[in-house]
Amino acid sequence: MNENYNFAFLDEGSKREIRRATLKAVAIPGYQVPFGSRELPIGRGWGTGGIQLTLSLLGPKDVLKVIDQGSDESVNAVNIKSFVGLCADIETTTDTREATLIQTRHRIPEIPLTNKQILVLQVPIPEPLRIVEAREEVTKKMHAEQDYAPVWLNLYESLIKYQKVTLGSEYPCMVEGRYMMNPSPIPRFDNPKLHNAECLYLFGAGREKKIYAIPPYTDVVSLAFEDVPFEPENFEGKSCRLCQSTGTYLDEMMASQTGEKLYQCSDTSYCKEVQNG
């Protein structure tokens, strides 16, 4: 830990402001709470909203895990852990069960989280209505009036054109039957994990200056028509080449020698745990 930095880098006033916004987000599930996004010594594309949430919530006794698309060893994950290590003398881990606070980009761990854990997601675009309306003042009014018809129309047009909903990630969902929410760029496969989960989910968007949350045991339903149910990605008949797991989210890759399609667990921690028995 570098003594020239305040604990967890941000000054205490900034942490208090972000925590207040977080408490409001927890009190109103799915609602996007504005906050004063701070400058960090990293590019905005690195998920500064999620990092600010993590830095504001970290305590000396916390155990931090950082993953990027399921991997503990990606450039994003390794460098965020390195940055936190410079300004906070806390323990880090790759074990999902050991972590008290997990920061993630594009995935939710395969191992179910408990009510003693917080999952912080990095969000590039928090507004689920952005695909149908570019103006912020209009989307705010649409949320207030629960006017979500344009999003339903967008899904319907996809069904008519492709005979299926083609959204692979950022699949919109309704939180407690009130607010439509963007679950961040997680795959559709992870959407069901948001429903009635034991852990607290926090979402931070640094560039858009928004924080929102899904508290434990919250009703989260992915958008679907009565006669066309929501369907996550299907990996039936496929298994991980390393641990032979089925029923997990698999990354597709190509064998360099034969050109054969191979599959591997996106969640590296889960994969190693299965391999180790």
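In the block above lies the structure referred to throughout.
Note that the structure is predicted; figures quoted are calculated from it, not measured. (Residues numbered from 1 in each chain as written. Predicted model: local features only at pLDDT ≥ 70, side-chain atom pairs only at ≥ 80, totals over all residues. Heavy atoms only, no water.)

**A few points about the nonpolar core**
In plain terms, the rule: By convention a nonpolar core is built from buried Ala, Val, Leu, Ile, Met, Phe, Trp, Tyr and Cys residues, the set being connected through side-chain atoms within 4.5 Å. Under the scheme applied here, a residue whose accessible area is under 20% of the maximum for its type counts as buried, over 50% as exposed, and between as partly exposed, the area being computed with a 1.4 Å probe on protein chains only. Going along the chain from the N terminus, every DSSP run of H or I of four or more residues is numbered as a helix, and every run of E of two or more is numbered as a strand. In this analysis, two residues are considered to be in contact whenever any of their non-hydrogen atoms come within 4.5 Å of each other.
Grouped together as the largest cluster of nonpolar side chains are 26 residues, with contacts concentrated most on Leu55, Val84 and Ile211. Of all the secondary structure elements, the ones that give two or more residues to this core are α1 (12-27), α2 (48-57), β2 (63-68), α3 (75-87), β8 (200-205) and β9 (210-214). Per-element tally for this core: the top contributor is α3, with four residues. In contact with Ile211, not counting residues within four places along its chain, are Ile18, Ala21, Thr22, Ala25, Tyr31, Gln32, Val33, Phe35, Leu53 and Phe203. Ranked by size, the runner-up nonpolar core spans 20 residues in total, among them Ile102, Ile186, Leu194 and Val220.

**Some remarks on the sheet that holds strand β3 (residues 91-92)**
Working definition: the strands of a sheet are paired by backbone hydrogen bonds and lie parallel or antiparallel to each other. The following threshold applies: Strand pairing is assigned whenever DSSP detects at least two bridges linking the two strands. Here an axis means a line fitted to C-alpha atoms, over the contact stretch when the element is a helix, while the angle between two N-to-C directions is reported on a 0 to 180 degree scale.
With mixed pairing, seven strands are arranged side by side in an open sheet as β1-β9-β8-β5-β4-β2-β3. Looking at strand neighbours, the two that pair on one side only are β1 (33-34) and β3, the edges of this open sheet. Taken together, the two bridges between β1 and β9 define a ladder with antiparallel strand orientation. Among the inter-strand pairings, Pro34 is bridged to a residue of β9, identified as Lys210. Where α1 meets the sheet, it contacts β1, β8 and β9, and its direction lies at approximately 45 degrees from that of β9. Each of β2, β4 (101-105), β5 (118-122), β8 and β9 is contacted by α2, which is oriented at about 125 degrees to β8, the strand it contacts most.

**Some words on the layout of surface pockets**
In plain terms, the rule: Grid points spaced at 1 Å over the protein atoms alone were grouped into cavities, where a 1.4 Å probe fits but cannot get out, and pockets, open sets with protein on both sides within 12 Å along at least five of seven lines, with lining residues defined by an atom within 4 Å of a point. Grid points are joined across faces, edges and corners, and a volume is the space filled by probe spheres set on the points. Under this grouping Gly is polar, as are all residues other than the nonpolar Ala, Val, Leu, Ile, Met, Phe, Trp, Tyr, Cys and Pro and the charged Asp, Glu, Lys and Arg.
In this structure, the largest pocket encloses a volume near 220 Å³. Around the largest pocket, the lining comprises 15 residues; the ones closest to its centre are Lys164, Val165, Arg188, Pro229 and Glu231. Here the residues of the lining of the largest pocket sort into eleven nonpolar, one polar and three charged. As a volume, the second largest pocket reaches approximately 190 Å³. As for the second largest pocket, its lining consists of Gly30, Tyr31, Gln32, Pro34, Glu127, Glu136, Thr139, Lys140, His143, Ala144, Tyr179 and Lys210. At five residues, helix α4 (residues 136-144) tops the list of elements feeding residues into the lining of the second largest pocket. For the lining of the second largest pocket, the per-class residue count stands at four nonpolar, four polar and four charged.

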